[in-house]
Amino acid sequence: MNFGESDAERGLRAEVREVLRTPPVRGALDELARAMAAGEREPDVRPLYRAIAAHRLFAASWPEEYGGRGVSHLEAAAVIEELVRGGMPDMLQVLSVQIVGLFLLEAGSPAQKARYLPALASGEMFATVLYTEPEVGSDLASLRATAVRDGEGYRLSGTKVFGLKSGMSDIGLCAVRTGTGTTKYEGISLFLVDLHADGVTRGNIASLADEQYDRVELDGVWVGADTLLGAEGEGWSLLTRCLAIERTGLDYSLKAARWYDATLSGLTAGTADDALLEEAGRYGAAVDAARLLAWNSISQLGRGPLDPTSAAIAKYHTSETAQQVAYWAALVHGHGYGLRGLAPGKAAVLEAGYREGPGLTLSAGTSEMMLELVASSFDRPDVIGGAGDGSRV
Ligand SMILES: Cc1cc2nc3c(=O)[nH]c(=O)nc-3n(C[C@H](O)[C@H](O)[C@H](O)COP(=O)(O)OP(=O)(O)OC[C@H]3O[C@@H](n4cnc5c(N)ncnc54)[C@H](O)[C@@H]3O)c2cc1C
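Residues numbered from 1 in each chain as written. Predicted model: local features only at pLDDT ≥ 70, side-chain atom pairs only at ≥ 80, totals over all residues. Heavy atoms only, no water.

In this section: the overall build of the chain. Each helix and strand in the chain was counted, giving twelve helices and eight strands. Taking 2.2 N^0.38 as the reference for a compact globule, 393 residues should give roughly 21 Å; the C-alpha atoms of the chain span a radius of gyration of 21 Å, in line with that estimate. C-alpha extents for the chain along the principal axes are approximately 70 × 55 × 40 Å. The buried share among the 393 residues of the chain stands at 52%. About 17400 Å² of surface is accessible on the chain, with carbon and sulfur atoms providing 55% of the total. Put simply, the chain has 36 plus and 52 minus side-chain charges, and the middle of one group is 2 Å from the middle of the other. (Helix = DSSP H or I, 4+ residues; strand = E, 2+ residues; numbered from the N terminus. Rg over C-alpha atoms; globule rule 2.2 N^0.38 Å. Buried < 20%, exposed > 50% of the residue type's maximum accessible area, 1.4 Å probe, protein only. Areas by Shrake-Rupley, 256 points an atom, 1.4 Å probe, with all protein chains shown as cover. Lys, Arg positive; Asp, Glu negative; His and termini not counted. Charge placed at Lys NZ, Arg CZ, Asp CG, Glu CD.)

Structure follows, in structure tokens:
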């Protein structure tokens, strides 16, 4: 792929910078900054998202009929990169648009796309992901939440944990068991659950990071049959496709770049010795590689299902890099060189990054699981070092 920037990307970046200066967006950014300075744990980002969505920049790669602009996935990634640079917190956008929305675009029925996508693109509706359960994380196929047939729909029961942003979300992409089969991978189904429905209880689980984890109890929640994605009991293959979409690494690479830039901003010629410069060079290269890996997996979107191995490589490198940069920043500014030269805003960014660091190599699949995915592809003929001649990568 060509890693250079196209005219279209440059044009979109310039447009985003303009949009960030418009009064509604500027006002929403200022309000967020005020809430954060006042110590609010999870300030409401939805007004900011809606102000950005008014310019059709929130889900830019989606077709126009669904509220996007039909630009390429790489161009849409440039939009997000520029928005994040401008101060937009991206977690709820990642969940709603980059994960659930993109998956619906790939795997939803025409009716599901028409019902949910325009609302997600405009910021009228937000979505979260409900997979993990108490005692069920990496081994997701062992999930225990159930859905049983009831009239024209299903009743869902079970407990989902460690999701993010469920309190601000309207629907949850939820994995449950609708039956059993000869293997644990059979009998899993995916539903879009209305989080305002009777029987849904949402609560927080304390977290070291600024983003709180959520616990969602489903107590006989009724959902229509039209909220089932794909065929009943055949959700596992869809789930693995959706997990690959979660692992492009864009969000992790943006965090890595943000923390790296904040770290460098506090160094001056007088404080940076040779050893520190060497580290800065090494982490800088890792951050660049993270961006290229993320860009590479994003370039595959829209060309059929994302290759799970490429996605696992991107997720592994980008999340490990972001975590290492967060810890390095603490060593540089916390111990070695002190906070000299580091603006208070940047110090707060790095402090929050240090607390977020441990979760990065767990979320969207742990680093161990990513390595297992990569290792299990070694017998594939299309992978370098695999069973074939490795000529196709
Ligand atoms: C920031 C963050 C955001 C999250 N967001 C969501 C969300 O939106 N929705 C959602 O449903 N969940 C979410 N999660 C949960 C996340 O998916 C799980 O934490 C993750 O899948 C790991 O599961 P677990 O915590 O149960 O750990 P476990 O699966 O119990 O793993 C514990 C340790 O054992 C290792 N391990 C497990 N199995 C193996 C194996 N076979 N081989 C080698 N090592 C192994 C793991 O790598 C890990 O180090 C989030 C988690 C975090 C930290």
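Right, let's get into the packing of aromatic side chains. As enumerated under the stated definition, the model contains nine aromatic pairs in all. Through pairs of rings, three or more aromatic residues link up here, namely Y49, F58 and F126. Here the guanidinium or amino end of R282 rests over the ring plane of Y283, the centre of that ring lying 5.9 Å away. (Phe/Tyr/Trp six-rings, centres within 6.5 Å; stacked < 30°, edge-to-face > 60°. Lys NZ or Arg CZ within 6 Å of the ring centre and 35° of its normal.)

In the vicinity of the ligand lie 17 residues, with Y131, T132, S138, T366 and E368 positioned nearest. In isolation the ligand offers 970 Å² of accessible surface; the protein chains occlude 65% of this area. Secondary structure elements with two or more residues in the shell around the ligand: β1 (127-130), β3 (153-164) and α12 (367-376). Considering only residue class, the shell around the ligand consists of eight nonpolar, seven polar and two charged. (Near = heavy atom within 4 Å. Nonpolar A, V, L, I, M, F, W, Y, C, P; charged D, E, K, R; others polar.)

Here the focus is the pairing of strand β2 (residues 146-150). Bridge count for β2 against β3 is five bridges, and the pairing is antiparallel. Bridged to A147 within β3 is L156. What sits between β2 and β3 in their antiparallel hairpin is a turn of two residues, with G151 showing a positive phi close to 60°. (Pairing = 2+ DSSP bridges.)

Mapped onto the elements of the fold, D251 is located in helix α8 (residues 250-265). K255 is the oppositely charged side chain nearest to the buried, salt-bridge-free D251, at an N-O distance of 6.2 Å. Setting aside anything within four residues of it in sequence, one finds D251 in contact with D90 and V94. (Salt bridge = Lys/Arg side-chain N within 4 Å of Asp/Glu carboxyl O. Contact = heavy atoms within 4.5 Å.)

Throughout the structure, instances matching the rule amount to 26 salt bridges. Among the ionic contacts, a cluster of salt bridges with common partners joins E5, R13, R17, E81, E82, R85 and R291.

Turning our eyes to something else, we now look at the nonpolar core. Grouped together as the largest cluster of nonpolar side chains are 77 residues, with contacts concentrated most on W62, F103, Y131, L173 and L190. Take this core: its biggest share by element is twelve residues, from helix α5 (residues 91-107). Those residues in contact with L190, other than ones at most four positions away along the chain, are F103, Y131, L173, C174, A175, T227, L228, L229, G235, L238 and L239. If you look at the next biggest cluster of nonpolar residues, it comprises 21 residues, including W259, A262, V287 and W328. (Core = buried A, V, L, I, M, F, W, Y, C linked by side-chain atoms within 4.5 Å.)

Before going further, it helps to examine unusual backbone geometry. Look at F162: it is not a glycine, yet its phi comes out positive at around 65°. Of note in the backbone geometry, A364 takes a positive phi value of approximately 60° without being a glycine. Take A364: it is sitting in the loop between α11 (344-360) and α12. A364 sits in the buried class, given a relative accessible area of 17%.

Taken over all residues, the pLDDT of the chain has a mean of 92, while the share at 70 or more is 94%. Segment residues 388-393: pLDDT under 50, and ten contacts once partners within four positions in sequence are set aside and those in other chains are kept. (pLDDT = per-residue confidence, 0-100.)

Let us now look at the packing of α5 against helix α6 (residues 110-122). Describing two packed helices takes the angle between their axes plus the distance from one axis to the other. Running from N to C, α5 and α6 point in directions that differ by 160°, and their axes come no closer than 10 Å. Regarding the angle of α5 to α6, the classification is roughly antiparallel. The handedness of the crossing between α5 and α6 comes out as left-handed. Contact residues: α5 offers S96, V97, G101, L104 and L105, while α6 offers Q112, K113, Y116, L117 and L120. When the residues that make up the contact of α5 with α6 are grouped by side-chain class, the tally is six nonpolar, three polar and one charged. (Axes fitted to C-alpha atoms, helices over the stretch in contact; angles between N-to-C directions. Parallel < 35°, antiparallel > 145°, perpendicular 65-115°, else oblique. Left-handed = near helix turned anticlockwise from the far one by under 90°.)

This paragraph deals with the environment of A314. Tracing the backbone shows A314 in helix α10 (residues 308-336). For A314 and R291, which are 23 residues apart along the polypeptide, the C-alpha to C-alpha distance reads 9.1 Å. Not counting residues up to four positions away in its chain, the partners in contact with A314 are R247, T248, G249, L293 and S297.

On to the domain arrangement of the chain, then. You'll often see interface size given as the accessible area lost when the parts meet. Taken domain by domain, the chain comprises domain 1 (7-88), domain 2 (128-234) and domain 3 (247-378). At the interface, four residues of domain 2 touch six residues of domain 3. Taken over both partners, the interface formed by domain 2 and domain 3 buries close to 460 Å², and the fraction arising from carbon and sulfur atoms is 56%. If you sort the residues of domain 2 by the area they bury against domain 3, S138, L208 and D210 come out on top, with a joint share of 73%. Taken together, the links from domain 2 to domain 3 amount to one salt bridge. We note a salt bridge from R355 to D210, for which the minimum N-O separation is 2.9 Å. Along the contact surface separating domain 2 from domain 3 lie two residue pairs in polar contact (both at pLDDT 80 or more). Looking at the side of domain 2 that touches domain 3, its residues break down into two nonpolar, one polar and one charged. (Domains from an automatic or database assignment. Buried area = accessible area lost by both parts, 1.4 Å probe. Polar contact = N/O pair within 3.5 Å; in protein donor to acceptor, adjacent residues only side chain to side chain.)

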